[in-house]
Each structure stands twice: as structure tokens, then as C-alpha cells.
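Topology and contacts: notes
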Amino acid sequence: MKEYQVVIIGGGPGGYETAIRLAQYGITCAVVESQRLGGVCLNCGCIPTKALVKSAELYREMKEADQYGLPVVDAPVDYAQVLERKDKIVEQLVGGIEFLFKKRSIEVIKARATAVTPLGDKWKVSLDSGEEISGDRVILATGSVPKSLPNITIDEVDVLSSTGILAMDKLPKSLAVIGGGVIGCEFASIMNSFGVEVHIIEFLPRIVALEDDEMCRRLAPALKKQGIKVNTKVGLQTIKKTDAGLELGLSNDSTLVVEKVLMAVGRAPNLDIEFPAVAPELDKGAVVIDDQMRTSLKGIFAIGDVTGKLALAHTASKQGLMVAEIIRDEFEGKESHMEPLNYANIPRCTFTSPELASVGLSEAEAKEKYGEIIVGKFPFSASGKAMAMGDTNGFVKTIARADDQTLLGMHILGPNAAELIGQGAILVSLGAKADAVEDIVFAHPTLSESLKESIEDIRKMSIHKI
Ligand code: NAD
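Report follows, based on the coordinates. Model, not experiment: these values are computed from the prediction. (Residues numbered from 1 in each chain as written. Predicted model: local features only at pLDDT ≥ 70, side-chain atom pairs only at ≥ 80, totals over all residues. Heavy atoms only, no water.)

With respect to the overall build of the protein chain
Per the secondary structure count, the protein chain includes 13 helices and 24 strands. For the protein chain, whose C-alpha radius of gyration is 24 Å, the value lies close to the compact-globule estimate of 23 Å for 466 residues. Considering only C-alpha atoms, the protein chain reaches an extent of 70 × 65 × 45 Å along its principal axes. Taken over 466 residues, the protein chain has a buried fraction of 51%. Of all intrachain contacts in the protein chain linking residues separated by at least 6 positions in sequence, the fraction that spans at least 24 positions is 63%. With 51 positive and 63 negative side-chain charges, the protein chain shows a separation of 1 Å between the mean positions of the two kinds. (Helix = DSSP H or I, 4+ residues; strand = E, 2+ residues; numbered from the N terminus. Rg over C-alpha atoms; globule rule 2.2 N^0.38 Å. Buried < 20%, exposed > 50% of the residue type's maximum accessible area, 1.4 Å probe, protein only. Contact = heavy atoms within 4.5 Å. Lys, Arg positive; Asp, Glu negative; His and termini not counted. Charge placed at Lys NZ, Arg CZ, Asp CG, Glu CD.)

Right, here's the structure in full:
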């Protein structure tokens, strides 16, 4: 049986980054991965969707080119070319990780881990190839899978998952997106920009419900203005295939006929591994971890979507890098003094048009935790750079404690929100105070100035806002 210091099950952003960090520490590890490295994020998630976002945005802008004093281009989309570009980007990135692994002599075992069992003070990992390997430590980084609804089968032909819609080789005439969460809203935006008739069907009273209430309330009309039909407080009950298309039975007793359906009602932790002797504690299918990512089994850690924490690629990566450090300290006989990860300060980005991004606490959460708070806002309609870009929809909202003006959260709806939130993440994570930020010079003309003005607005000192 081949022995490793660490066996990582799953080669997504959590698993692969952890493997590289362990290699940097001189620790031997193997990554067990049945598909290609990069996981959902690189192969059928973050990266391919962002490639589509770019093509979709550009296509929409080409049709609106007259607003920039340019000729309008209104030719049909060559979707095969769009897909080819997306696939090339994925190929290049996955190839890049394979190259990094090779250079660092990290072993990838192309198999599925089927069982984990104790082996003295180590763990044995059985593979579907029949092979068995062992590790002093095991990291579960097995991600998540798309959920469906009772009575609805995702067949990836008519009813698609987020994976299936990326593989769809031609654009449908119409699409119903079930679930107005992050995945639903991103695909709704993409497909709408490509000219598909899009209906969002969301069970809750608002879309992207985990975000700050005001931001969600501002995103919905922006999507509607572009032609997306946003239906809230309505659930999907049935899908019937008819000659006219797929007939959806909705909870408000209405029906809707569309060509395709995208199921985007959330993702479930993926732990298709047996633990015949002793199993880790689970909570609603997610592996329970402590603040050091330890499971209930000594020597087994878990990171990423399988833990049921904030399900983002960068959460998984951060958890993994922390685990690598903890394991290194353990091997060196040192006690680890790792600060627990503050999940609230992990930035969250929704790549709709306009983009929505946030970090830290929402207004409601901040009020609940601190009682009195101050909110500063600045609209992109008052930003010279946003005007020059022709993209003034949205605003920045910054939340601070009332007593000492410590920044608690930042929320951005508008152009480049996902890039801009990085600055908010730095400020909020460092516990910056509003008056201290005012001493920092932000370049002109940039969208970043709007962040600064929203922080100045906390003290009612924004220059370009009355
Ligand atoms: P989600 O939980 O964000 O949204 C699912 C939505 O479906 C919810 O709003 C829910 O109310 C709704 N819903 C559930 N049942 C329904 C029904 N019967 N009818 C209508 N609506 C129903 O899940 P998601 O959008 O599938 O995303 C899954 C995970 O992937 C999330 O954690 C998300 O953050 C992550 N993700 C992140 C990004 C990003 O960072 N840009 C992109 C994609 C996915």
C-alpha cells in the first residue's frame, strides 16, 4: 500500500491549492480525483460562466453601441464560437494546474475514493480502481452537487443543471430558471444578454436572498429592465413535456411554457464515500468541522462545499491553506495558534449585469449585532468614471459602527462590483475606521472613488453627494 503524509480527496480549488501549499512545506501528498483537476470551479462553474458573462456582455454592448457613438452590430450570436472560447479558457487553466502539480511532483491519483477506514493511527483510502493508499492525515475536499426538487428530474436535455447548461450546444428560445439565487441570477443575466427569453421563478419574496435586503431590492428591477421576467413568491411544482415545449405548473396555479429549464435551487454537499468502521459527524449531509476544519475523526479534516459553510471557491481555498499550516505544525510537534476563519469577511460576488458584491455584515445583521449603526451611500450616477463607462446603474453602501465608525460591511451594486469589493474586504477585515480611510488617496477617475465617497458619507462628508 502506497503511503503518503496527506491524502486529499478532491482536486477542486480547495484540494489543489492545499496540495501545492503542502508541497511548498515539503509534505508528501496525493490528490485523489476522478475527473480533471480544478473541480466544479474551473471545469463547470466559476471560470466557464465568467467566460460566458464576458461574451454575453460584449454582445449586449455591441447592440447598444450607438450609446457610445459607435455603429450598432446586431448579427446573430455564433454560440459555437462562444463555447469554443469558453472551453479554451478552461483547458488552459486546468492544463496550468496540471503543470504546477508536475513541477512540484504532486501525485494525482485518477480514481474515485470509495471508502475511508482507520489503519492504526493512519487512515486507509480505498479507490474504485481496487487500489488502497494510506495517509497520516486525510482532507475531504469533495465539493457539492446540484440539487433538484421532489418529482423533478434533471435529465440535462430539457431540464438542466448548471453543469448541463454550460454544455448546451445551442441557445434556446426561452428558459425558465428555477431559483433566483446566485447561480440562477447569473445564468438569467447571461442568457438574457444572448437574446433568450428568461423567466426567473423564485420561491422567496426576493432574489439573491442571502444578500443585504436593499441590494436585492435594487437588483431585481435592474434585471427586469433588461427584459428578464422576475417572478418571486412562486415555486415550481410540475414539468410536463408538451408539443409546445415544457409546461411548468407553478404554485400560484399559473403555467408557463418554455424550451428549457435550469434548476438552480441550491447545491448539496457531496460525500459519496463510505466510512465502514467510523464515520464523521454530519449535519444535513455536510461534514461538521470545528474552527480548525477538523472533523469528528482524529486526523481527518474537511474543507469547501462539503462542509456546508459559505459555498465559494475562495472559502475552500482559504480553509485548505489553513489546514496545510495546521498539519505542518502538527508534523513539527508545534501547537497551532490559527485564528478561526471569519466567514462574514469573505467577499461574495454575483456576476449579474449589474454585478452585486458584498463583504462583512448586511445592514440588518449589523443592527442586530451592534444596535446603532451608520450607513453611507454613494450612487454610481454621480461618478465621472461610471458615466464615461456608460454604466451608472447602482451604488455603494458602507456600514459602520455608530460609536467608533469601524467599518462593518460594504455592499456594491454596479460596474466592476466584484473587483471593487476586494478593497472593501481589505478595509473591513483590517477593522478600518471611516475617518482613517478618508486619509487614503484614491486615484481619479476611478470607480474606487465611489467606495471612498460612500465611506465619507458615513460622516456626511461626501463631496459629490448632497
Ligand atoms: P442558492 O441557495 O443561492 O439559491 C437557490 C434559490 O432557489 C434560493 O433563493 C431558493 O429560495 C430558491 N428555491 C428553492 N426551491 C425553490 C422552488 N421550489 N421554486 C423556486 N425557487 C426555489 O443556490 P444556487 O444559486 O444554486 O448556488 C449554490 C451555491 O453555489 C451557493 O452557495 C452560491 O453562493 C454558490 N455559487 C457562487 C457563485 C459566485 O460566487 N459567483 C456562483 C455560482 C454559485
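What about the packing of helix H3 (residues 46-63) against helix H6 (residues 182-193)?
It is the contact of H3 with H6, at a shortest axis distance of 8 Å, that shows an interaxial angle of 40°. As far as their axial angle goes, H6 and H3 are oblique. Seen from above, H3 lies across H6 with left-handed handedness. Facing H3, whose interface residues are Thr49, Lys50, Leu52, Val53, Ala56, Tyr59, Arg60 and Lys63, H6 presents Glu186, Phe187, Ile190 and Ser193. Among the residues forming the contact of H3 with H6, the class breakdown is six nonpolar, two polar and four charged. (Axes fitted to C-alpha atoms, helices over the stretch in contact; angles between N-to-C directions. Parallel < 35°, antiparallel > 145°, perpendicular 65-115°, else oblique. Left-handed = near helix turned anticlockwise from the far one by under 90°. Nonpolar A, V, L, I, M, F, W, Y, C, P; charged D, E, K, R; others polar.)

Here's the deal with the site of the ligand
What surrounds the ligand is a group of 22 residues, the closest being Ile183, Glu186, Glu202, Gly266 and Cys349. Between Val182 and the ligand, the recorded distance is 3.2 Å, taken from a backbone N or O atom to an oxygen atom. Within the backbone of Ile201, an N or O atom sits 3.5 Å from a nitrogen atom of the ligand. Examining the composition of the shell around the ligand, we find that three residues originate from one element, H6, more than from any other. A class-by-class count of the residues in the shell around the ligand yields 15 nonpolar, four polar and three charged. (Near = heavy atom within 4 Å. Polar contact = N/O pair within 3.5 Å; in protein donor to acceptor, adjacent residues only side chain to side chain.)

Observations concerning unusual backbone geometry
At the junction of Ser353 and Pro354, the peptide bond is cis and its omega measures out at 5° in the coordinates. Considering the arrangement of structural elements, one finds Pro354 in the loop between strand E20 (348-350) and strand E21 (355-360). The phi angle at Ser105 is positive, at roughly 55°, despite the residue not being glycine. Among the structural elements, Ser105 can be located in the loop between helix H4 (79-103) and strand E3 (107-109). Even without glycine at this site, Asn416 takes up a positive phi of about 55°. With respect to the helices and strands, Asn416 occurs in the loop between strand E24 (407-414) and helix H11 (417-429). The exposure class of Asn416 is partly exposed, given its relative accessible area of 38%.

Remarks on the pairing of strand E23 (residues 395-401)
Regular strands place their side chains on alternate faces of the sheet. Most of E23 is tucked away: six of the seven residues are buried. Of the pairings in the sheet, the one linking strand E22 (residues 373-379) to E23 comprises seven bridges and is antiparallel in character. Counted as the bridge partner of Gly376 is Thr398 from E23. Remark: five residues form the turn of the hairpin made by E23 and E24, two consecutive strands paired antiparallel; Gln405 in that turn has positive phi of roughly 60°. (Pairing = 2+ DSSP bridges.)

What to know about the sheet that holds strand E8 (residues 159-160)
Each strand in a sheet pairs with another by means of backbone hydrogen bonds, the pair being arranged parallel or else antiparallel. If you trace the five strands from one edge of the open sheet to the other, you get E8-E15-E9-E10-E11, paired in parallel fashion. At either end of the open sheet lies a strand with only one pairing partner, and these are E8 and strand E11 (229-231). Sheet topology places strand E9 (residues 174-178) next to strand E10 (residues 197-201); five bridges connect them, and they run parallel. From the neighbouring strand, Leu175 faces E10, where its bridge partner is Val198.

Looking at a nonpolar patch on the surface
A cluster of nonpolar side chains, Leu58, Met62 and Val73, forms an exposed patch at the surface whose accessible area comes to about 220 Å². With respect to the element layout, Val73 can be found in the loop between H3 and H4. Relative accessible area serves as the criterion here: at 38%, Val73 is assigned to the partly exposed category. (Patch = residues over 30% accessible without salt bridge, like charges linked within 9 Å, V, L, I, M, F, W, Y side chains within 5 Å. Areas by Shrake-Rupley, 256 points an atom, 1.4 Å probe, with all protein chains shown as cover. Salt bridge = Lys/Arg side-chain N within 4 Å of Asp/Glu carboxyl O.)

Some words on the state of the cysteines
By the definition in use, this model includes zero disulfides. Here Cys29 is not disulfide-linked; the sulfur of Cys41 is the nearest cysteine sulfur, at 19 Å. The structure places no disulfide on Cys44, whose sulfur is separated from the nearest cysteine sulfur, that of Cys46, by 9.4 Å. (Disulfide = S-S within 2.5 Å.)

Regarding the sheet that holds E23
Spatially, five strands are ordered E20-E21-E24-E23-E22 in an open sheet, and the strand pairing comes out antiparallel. The strands lining the two open edges of the sheet, one partner per strand, are E20 and E22. Shown here is a sheet whose adjacent strand axes are inclined to one another by a mean of 10°, direction ignored. Here E21 pairs with E24 via six bridges, running antiparallel. The residue bridging Ser358 from the neighbouring strand is His411, located in E24. H11 contacts E20, E21 and E24 of the sheet and is inclined by roughly 10° relative to E21.

A look at the packing of aromatic side chains
Going through the model one piece at a time under the given rule, you end up with two aromatic pairs. When the ring of Tyr59 is compared with that of Phe194, the centres are 6.4 Å apart and the planes differ by 40°; the resulting orientation is tilted. Residue Tyr59 is found in helix H3, and its partner Phe194 is found in the loop between H6 and E10; the two are separated by 135 residues along the sequence. Note on Phe194: relative accessible area 6%, which makes it buried. (Phe/Tyr/Trp six-rings, centres within 6.5 Å; stacked < 30°, edge-to-face > 60°.)

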